[in-house]
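Next come the chains, spelled out residue by residue.
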Amino acid sequence: MIERIVFLLMILISLYTVFTPIKLSSVVGRTALSILAVLLYVVLSAPDVAIAEALLGALLTTLVYITALKSRSEVKIGFVPVRLLFEKLGDAFSGFEYELLKSFCEKYDYKMGFVEFSSIEELLDALNEEKIDIGCGGIFREDNKGYLKTKIFYLEDGKLDLLRYVERKYRGEDLSHIFQKDGSYHILFTDDELKVRFREFLRTEKNLVERLKKRYFGEEKS
């Protein structure tokens, strides 16, 4: 009876370990499997094998995996310069997205490396080819699922988000849009673990997000 319960638990945890998008959760699942294996060996009267599994499988292997996960030396952030969101000022950076990602990387002890792109299309290509870990800089979509709302202006030859539209109008360009829609800005990730951690960061750091919105946009935005 105990053997069947352990076997069932091992199958369930194996499925969780394989399919979870979070690497740390995979390590936890792998450790749980080793602990269950130790229990199984004890039930089957194999204490020597149980001791070996406990030391090598549950303890040593877990430490190796955790050390490997913590060894991420740098997160490559690709960005398209856009006023108020991600600006490069000499060797320094500023903007809402920069401050947000800086706080995120500091919380999880990631070092930041930056790669500049001249267009969103180039940045998206780099993301698809996994040349960068994070993509930002006014990436907008026709939805309300992003971290910050915006307007999308449809011109005869393309479309612009609110910040780029206002900046080009400020420079004196004669822009006339055909119509506009509601949209939102997104920060994109190639790594599922980074994506999950960033969503958790946004959820737990709501006060920080609102302060940054007020600093860069003059009012708290939902």
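Everything that follows concerns the structure shown earlier in this document.
These figures come from a predicted structure and were not determined experimentally. (Residues numbered from 1 in each chain as written. Predicted model: local features only at pLDDT ≥ 70, side-chain atom pairs only at ≥ 80, totals over all residues. Heavy atoms only, no water.)

(A) Focus on the pairing of strand β7 (residues 158-161). Here strand β6 (residues 148-155) pairs with β7 via 4 bridges, running antiparallel. Residue pairing for β7: Y154 is matched across the bridge by K159. Counting the residues between successive antiparallel strands, the hairpin from β6 to β7 contains 2 residues. (Pairing = 2+ DSSP bridges. Helix = DSSP H or I, 4+ residues; strand = E, 2+ residues; numbered from the N terminus.)

(B) Looking closely at the sheet that holds strand β1 (residues 75-79). With respect to topology, 6 strands assemble into an open sheet ordered β4-β1-β5-β8-β6-β7, the strand pairing being mixed. The open sheet is flanked by β4 (112-116) and β7, the only strands paired with a single partner. Neighbour to neighbour, the strand axes of the sheet diverge by 30° on average, direction disregarded. Sheet topology note: the β1/strand β5 (residues 134-141) ladder contains 3 bridges and is parallel. By the bridge assignment, I77 is partnered in β5 with I134. (Axes fitted to C-alpha atoms, helices over the stretch in contact; angles between N-to-C directions.)

(C) Representation of the nonpolar core within the structure. Ranked by size, the top nonpolar core spans 43 residues in total, and within it L85, F96 and I187 carry the most contacts. For this core, the secondary-structure elements that each account for two or more residues are β1, α4 (96-107), α5 (120-128), β5, β6, β8 (179-189), α7 (192-204) and α8 (206-217). Sort the elements by how many residues they give to this core and α4 lands first, with 6 residues. Residue contacts for F96: discarding those within four places in its chain leaves L84, L85, Y147, V209, L212, K213, Y216 and F217. Grouped together as the second largest cluster of nonpolar side chains are 6 residues, V6, M10, A37 and L40 included. (Core = buried A, V, L, I, M, F, W, Y, C linked by side-chain atoms within 4.5 Å. Buried < 20%, exposed > 50% of the residue type's maximum accessible area, 1.4 Å probe, protein only. Contact = heavy atoms within 4.5 Å.)

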